[in-house]
Amino acid sequence: LLSTSLQAVEVEFEASGNITLEQRYFFKEALYPQQLNHSQSSLSFEPEFYWQWNSGNDSIIFTPFYRLDSADTTRSHGDIRELAYVHAADDWELRLGIRKEFWGVTEFQHLVDVINQTDGVENFDGEDKLGQQMLNLSLVNDWGIVDVFLLPGFRERTYPGKKGRLRSPLVVDEDNVSYESSAGKQHLDVALRWAHSLGDFDLGTYWFHGTNREAYLTPSAENTLQQYYVQMDQLGVDVQATLGDWLWKFE
């Protein structure tokens, strides 16, 4: 006989998200062959599921995404934006899984936001990001928060297809991709970041070593653009100062 003692664990669950209907209309004719002409409709789903237990010290978040486009099959795509486990202690936090990590303070151009890959199919402004596999250890100290990132599994940038209006004359070939690193997609990227608040100033600085999220695009013999991803080391800093009614931002 096997005797098992079970202890009830209080688990909290939350579900939220959004459904978006989007309509685009282009007043001018398409510039290139095979592009859609004027009207473009799409429907997107982005639910979010959140579980927490152990008095909130342990949690799981799951955020899938899918867009269905009426005219551009390339823009019909799905992604797991987040699927991560988080454990929080008094002076450290461990995050494991697929996550989105945003760095930056300026409004339009985020020079220091280098962790997640850009979802170029969604929009041309670079604000939409793909989920990134990561192991993140966050250490909380009186002199600031130190984050260590291990980033396995590189993701290539997405680009508009032949029918997409917001694209260059040549279409980017998703199958013609090369890397500076012999490890290719399997290169293990690393990052280290320090952040701290001093009075009216929020400070952050980091070092990133790994595959550049932005590809070099060059014409190929097939009259398309081929992608080439190089290795990079990048140092960055971001500062935000809250001075009266003003926000001063620097990257």
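Structure: see above.
Procedures and definitions
Residues numbered from 1 in each chain as written. Predicted model: local features only at pLDDT ≥ 70, side-chain atom pairs only at ≥ 80, totals over all residues. Heavy atoms only, no water. Helix = DSSP H or I, 4+ residues; strand = E, 2+ residues; numbered from the N terminus. Buried < 20%, exposed > 50% of the residue type's maximum accessible area, 1.4 Å probe, protein only. Contact = heavy atoms within 4.5 Å. Lys, Arg positive; Asp, Glu negative; His and termini not counted. Charge placed at Lys NZ, Arg CZ, Asp CG, Glu CD. Salt bridge = Lys/Arg side-chain N within 4 Å of Asp/Glu carboxyl O. Pairing = 2+ DSSP bridges. Axes fitted to C-alpha atoms, helices over the stretch in contact; angles between N-to-C directions. Phe/Tyr/Trp six-rings, centres within 6.5 Å; stacked < 30°, edge-to-face > 60°. Lys NZ or Arg CZ within 6 Å of the ring centre and 35° of its normal.

K.L.:
I tried to follow the overall build of the chain on my own but got confused; where do I start?
P.N.:
A tally of helices and strands in the chain yields zero helices and 14 strands. In the chain, the succession of helices and strands from N to C terminus is β-β-β-β-β-β-β-β-β-β-β-β-β-β. Across its three principal axes, the chain shows a C-alpha extent of roughly 65 × 50 × 50 Å. Residues classed as buried in the chain amount to 38% of the 251 residues present. Partitioning the intrachain contacts of the chain with sequence separation of at least 6 by distance along the chain shows that 56% fall at a separation of at least 24. Where the 19 positive side-chain charges of the chain centre and where its 39 negative ones centre are 10 Å apart.

K.L.:
Is there a simple way to think about the environment of Leu 43 in this case?
P.N.:
Relative to the assigned elements, Leu 43 resides in strand 2 (residues 39-53). The spatial distance from the C-alpha of Leu 43 to the C-alpha of Leu 68 is 5.3 Å, given a sequence separation of 25 residues. Apart from residues lying up to four places away in sequence, Leu 43 is in contact with Ile 19, Thr 20, Leu 21, Tyr 66, Arg 67 and Leu 68.

K.L.:
I'm lost on the pattern of salt bridges in this one. Help?
P.N.:
Where charged atoms of side chains with opposite charge meet at close range, the side chains can pair. One pass over the structure, following the stated rule, counts 15 salt bridges. Residues Asp 113 and Lys 129 are paired through a salt bridge, measuring 4.0 Å at the closest nitrogen-oxygen approach. On the criterion of sequence distance, the pair formed by Asp 113 in the loop between strand 5 (92-99) and strand 6 (132-141) and Lys 129 in the loop between strand 5 and strand 6 is long-range, its members being 16 residues apart. Of the two residues examined, Asp 113 and Lys 129, each falls in the buried class. As a salt-bridge pair, Asp 189 and Arg 213 come within 2.6 Å of each other at their nearest N and O atoms. One end of the pair, Asp 189, is in strand 9 (residues 189-198); the other, Arg 213, is in the loop between strand 10 (201-211) and strand 11 (216-219), and 24 residues separate them in sequence. An identical accessibility class is assigned to Asp 189 and Arg 213; each is buried.

K.L.:
Where do I start with unusual backbone geometry in this structure?
P.N.:
What you tend to see is this: most non-glycine residues have negative phi, and most peptide bonds are trans. Within the chain, Gln 34 stands out as a residue other than glycine whose phi angle is a positive 75°. Here Gln 34 shows up in the loop between strand 1 (12-25) and strand 2.

K.L.:
Would you mind showing me how to read the sheet that holds strand 4 (residues 77-88) here?
P.N.:
Strand pairing within a sheet occurs via backbone hydrogen bonds; the two strands may be parallel or antiparallel. In spatial order, the strands read 1-2-3-4-5-6-7-9-10-13-14; together these eleven strands make up an open sheet with antiparallel pairing. Unpaired on one side and paired on the other, strand 1 and strand 14 (246-250) mark the two borders of the sheet. Taken over all neighbouring pairs, the strand axes of this sheet differ in orientation by 15° on average, direction set aside. Here seven bridges tie strand 6 to strand 7 (residues 144-151), and the two strands are oriented antiparallel to one another. For Leu 137, the partnering residue across the bridge sits in strand 7 and is Val 148.

K.L.:
Before we go on, may I ask you to explain the packing of aromatic side chains in this structure?
P.N.:
Aromatic ring pairs: the centre-centre distance and the angle between the two ring planes describe each pair. Overall, the coordinates contain twelve aromatic pairs when judged by the stated rule. Here Phe 154 and Tyr 229 contribute two aromatic rings whose centre-to-centre distance is 4.9 Å and whose plane-to-plane angle is 65°, an arrangement assigned as edge-to-face. Linking Phe 154 in the loop between strand 7 and strand 8 (172-179) with Tyr 229 in strand 12 (residues 225-229), this pair joins segments that are 75 residues apart in sequence. The class of Tyr 229 is buried, set by a relative accessible area of 0%. Grouped by ring-pair contacts, the aromatic residues Phe 13, Phe 49, Trp 51 and Phe 62 constitute a single cluster. Against the face of Phe 65 rests Arg 81, its NZ or CZ located 4.4 Å from the ring centre. The ring of Trp 103 carries the charged tip of Arg 193 above its face, separated from the ring centre by 5.1 Å.

Nothing here speaks to function; it is all geometry.
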